[in-house]
Amino acid sequence: MASSLSLQIMRAVAALAVALLPTSASSWTADWQYPGNGTGHTGFAFQAAGDVDGDGFSDLVLGDPYDDTMGVDAGVAVVVYGSATGLGAGRPSLALYGELPGDNFGSSVSTAGDVNGDGFDDVVVGAPGRMTEITWTVGNWDGSNSTFTRTVRTGRWYLYLGSVAGLSSVAAIDDRPHEFEARRGGVQVASAGDLDGDHHSEWIIQSDNRQVEVFSYHETSEGASAYRRYRFHESPPFVGIRMSPGMDVNGDGLSDVLIGNSDENPAKHDGGAAYLLLSQGEVGPYDFLDTFRLWIHDSDPLQNTRFARAAMLVGDVDGDGFVDVAIGDDLPMMNGSYIPGRVQFYRGSANGVDVFPTSTLSGGPTDFLYGFDVAPAGDVNGDGYADILVGSPGTNSPVGDAGRVEVLLGSPNGPDTGHVRSYGGLLTAEQLGVRVAGIGDVNGDGFDDIAFANEVPGGGLFVVHGSPDP
């Protein structure tokens, strides 16, 4: 992946009007580590679980879709609980397993937010490998009907509810995409936040072929069910690393949704786009999101081959009261040659998000695939400004494809290019930063914490606690 690709990249830095970030990675030690076991892929997926047991500490959910406990590639998701001394030191972790071989359960994991309003956060897990037998009937010209059956990889997703006893080990809802043509549902999952102002969170399910669906939790005497509230369908298919968590971008009290697609216009190699869906509140059963398209300006000198592969709502980075957007462009080209990647920063406002970036941030000359992953970090230094996580798995320092993770600290001017926390890989082809995530405050010290993964055999996941500036 990144290792072979970065060998093809031209080691040159274009003369661009960008902010060049410091490239030296300070020595660092993980506060908690979930090492790979050499059989599955630890760190393939991980996100904040929210506070599923209501103890005041953020929890972590991680997924390994290649775990073989329940059969080859059945997969597993693990919830690790936070405590005053960090992750895994209090309540025992909970393992949730895929049901069938090939399910790839745990390919995507996320908090769903509090979907039922009970005060405990809930978790959604995707299993995009699930096969389903589908039957449909077609009317014939003579008035008869023909019935057809086919087994397809529809995928499946599971919703688990939190409680004072921790996350339930039994899914409250398991379902597949509601669209007949959807495939590999659950390839990406995320919390949408509260889109309609009812104080209950919605959640997002993405399929491989252009489908994004938003669901609400519905419970009757017959049990819990998922009520589809919105469907976003786009062509060509979405190509994104994962879904952004929903946040209130324009300050109207309703959460909004951002969807990245780096394959918006693959023929031109410059068409990546992000779609900001602004909530309109409870105006109907399906039409409470409006579409506002965010794109890079045509005068940009680069061909943006993977712009918006990672597109994230990142919180209020500049302290103006509105949520901002960061978009990775990890593999841009200039004059037919690959150059180091970059991250575009867009300010939020009462009208949504600026169409053009406020600033463009680039790594140094060895930071190839900079912006491969981008995530909201929360507030890691407690200064009141949201921070941004950036993964650069192709960084070739101190050795080839060692990788690097940066925390771009917020300020009144947006990301402070002179105020960066950096964590570097040490091994050849380690690719540290291939995935990054802010995970909330897992130890209750008032500083948000971060997690990032590498690509060593079996994978590895590292957590670093937030702390005040020196």
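Here is what the cut-offs are and how they apply
Residues numbered from 1 in each chain as written. Predicted model: local features only at pLDDT ≥ 70, side-chain atom pairs only at ≥ 80, totals over all residues. Heavy atoms only, no water. Helix = DSSP H or I, 4+ residues; strand = E, 2+ residues; numbered from the N terminus. Buried < 20%, exposed > 50% of the residue type's maximum accessible area, 1.4 Å probe, protein only. Contact = heavy atoms within 4.5 Å. Areas by Shrake-Rupley, 256 points an atom, 1.4 Å probe, with all protein chains shown as cover. Phe/Tyr/Trp six-rings, centres within 6.5 Å; stacked < 30°, edge-to-face > 60°. Lys NZ or Arg CZ within 6 Å of the ring centre and 35° of its normal. Core = buried A, V, L, I, M, F, W, Y, C linked by side-chain atoms within 4.5 Å. Salt bridge = Lys/Arg side-chain N within 4 Å of Asp/Glu carboxyl O. Polar contact = N/O pair within 3.5 Å; in protein donor to acceptor, adjacent residues only side chain to side chain. 1 Å grid on protein atoms, 1.4 Å probe; cavity = no way out; pocket = protein on both sides within 12 Å on 5 of 7 lines; lining within 4 Å. Points joined across faces, edges and corners; volume = space filled by probe spheres on them. Nonpolar A, V, L, I, M, F, W, Y, C, P; charged D, E, K, R; others polar. Pairing = 2+ DSSP bridges. Axes fitted to C-alpha atoms, helices over the stretch in contact; angles between N-to-C directions. pLDDT = per-residue confidence, 0-100.

Draft legend 1. Layout of the overall build of the protein chain. Within the protein chain, the regular secondary structure consists of one helix and 37 strands. Put simply, the protein chain has 470 residues, and 58% of those count as buried. Once local pairs closer than 6 in sequence are excluded, the contacts in the protein chain between residues at least 24 apart make up 59%. Within the structure as shown, the protein chain displays about 17500 Å² of accessible surface, and the carbon and sulfur contribution to it stands at 51%.

Draft legend 2. Here's a closer look at the packing of aromatic side chains. As enumerated under the stated definition, the model contains 11 aromatic pairs in all. Between Trp-28 and Tyr-423 the ring centres are 5.8 Å apart and the planes differ by 90°, which places this aromatic pair in the edge-to-face class. Placement of Trp-28 in the loop between strand E1 (19-20) and strand E2 (32-35) and of Tyr-423 in strand E34 (residues 420-424) is noted, with a sequence separation of 395 residues between them. Since its relative accessible area comes to 24%, Trp-28 is described here as partly exposed. Given a relative accessible area of 9%, Tyr-423 falls into the buried group. Residues Trp-157 and Phe-215 carry aromatic rings whose centres are separated by 5.1 Å and whose planes lie at 45° to one another, so their mutual orientation is tilted. Of the two residues, Trp-157 is situated in strand E11 (residues 156-160) and Phe-215 in strand E15 (residues 211-220); the sequence distance between them amounts to 58 residues. For the pair formed by Trp-157 and Phe-215, the shared burial category is buried. Taken together, the ring pairs in this structure connect Trp-28, Tyr-423, Phe-452 and Phe-462 into an aromatic cluster. Note that Arg-309 overlies the ring of Phe-372, its terminal NZ or CZ placed 3.9 Å from the centroid. When the ring centre of Phe-44 is taken as origin, the NZ or CZ atom of Arg-435, which lies over that ring, is 5.4 Å away.

Draft legend 3. The arrangement of the nonpolar core in detail. Formed by 17 residues in total, the largest nonpolar core has its most connected members in Phe-105, Val-123, Val-125, Tyr-160 and Leu-167. Mapped by element, the contributors of at least two residues to this core are strand E3 (45-50), strand E5 (76-80), strand E6 (94-97), strand E8 (122-127) and E11. Looking at this core element by element, the count peaks at three residues for E8. Counting residues in hydrophobic clusters, the runner-up holds 16 residues, among them Val-80, Ala-451, Ala-453 and Val-463.

Draft legend 4. Up close: the pattern of salt bridges. Going through the model one piece at a time under the given rule, you end up with 10 salt bridges. Between Asp-367 and Arg-404 there is a salt bridge, and its shortest N-O distance comes to 2.1 Å. In this pair, Asp-367 is assigned in strand E29 (residues 367-368) and Arg-404 in strand E33 (residues 404-408), connecting sequence segments 37 residues apart. Like Arg-404, Asp-367 is buried. The salt bridge involving Asp-469 is made with Arg-421; its shortest N-O contact spans 2.9 Å. Note that Asp-469 is positioned in the segment after strand E37 (460-464) and Arg-421 in strand E34, a separation of 48 residues in sequence. According to the relative accessible area criterion, Arg-421 is buried, its value standing at 14%. Put simply, Glu-99, Asp-103 and Arg-130 are held in one network by salt bridges that share partners.

Draft legend 5. Quick peek at the environment of Ala-84. Within the secondary structure layout, Ala-84 lies in the loop between E5 and E6. What makes Ala-84 exposed here is its relative accessible area of 57%. In this structure the C-alpha to C-alpha distance between Ala-84 and Asn-443, which are 359 residues apart in sequence, comes to 4.6 Å. Ignoring any residue separated from it by four or fewer positions in sequence, one finds Ala-84 in contact with Phe-57 and Asn-443.

Draft legend 6. Focus on the side chain of Ser-107. Relative to the helices and strands, Ser-107 resides in the loop between E6 and strand E7 (108-113). At 2.7 Å, the side chain of Ser-107 forms a polar contact with the backbone oxygen of Asn-104. Non-local contacts of Ser-107, meaning those with residues more than four positions away in its chain, are made with Phe-44, Ala-45, Pro-65, Gly-126 and Pro-128.

Draft legend 7. The arrangement of empty space enclosed by the protein in detail. Counted according to the given criterion, the structure contains two cavities of 30 Å³ or more. Empty space within the largest cavity amounts to approximately 40 Å³. By residue class, the composition of the lining of the largest cavity is five nonpolar, two polar and two charged.

Draft legend 8. Region of the structure containing the pairing of E5. In terms of burial, E5 is a largely internal element, five of the five residues being buried. Along E5, one buried face is formed by Val-76, Val-78 and Val-80 and the opposite face, lined by Ala-77 and Val-79, is buried too. Alignment of strand E4 (residues 59-64) against E5, held across five bridges, turns out to be antiparallel. Within the sheet, the bridge partner assigned to Val-61 lies in E5 and is Val-79. Relative to E6, E5 runs antiparallel, the two being bridged by four bridges. Opposite Val-76, over in E6, you have Tyr-97 as the bridge partner.

Draft legend 9. Seen up close, the sheet that holds E11. Taken in spatial order, the four strands of this open sheet run E7-E8-E11-E12, and their pairing is antiparallel. Only two strands of the sheet have a single partner each, and these edge strands are E7 and strand E12 (173-175). Pairwise comparison of adjacent strand axes, ignoring direction, gives a mean angle of 20° for this sheet. Inspection of the sheet shows E7 paired to E8 by five bridges, in the antiparallel sense. Its bridge partner lying in E8, Gly-113 is registered against Asp-122.

Draft legend 10. Representation of the confidence of the model for the protein chain in the model. When the pLDDT values of the protein chain are averaged, the result is 84; 83% of them are 70 or greater. Predicted confidence is poor over residues 1-20, with pLDDT under 50, and the contacts of this stretch with residues over four places away or in other chains come to 47 contacts.

Draft legend 11. Layout of the side chain of His-465. Topologically, His-465 is positioned in the segment after E37. A relative accessible area of 19% places His-465 in the buried class. A polar contact is formed between the side chain of His-465 and the side chain of Asn-443, at a distance of 3.3 Å. Residues in contact with His-465, not counting those within four places in the same chain, are Asp-31, Gly-86, Val-442, Asn-443, Asp-448 and Asp-449.

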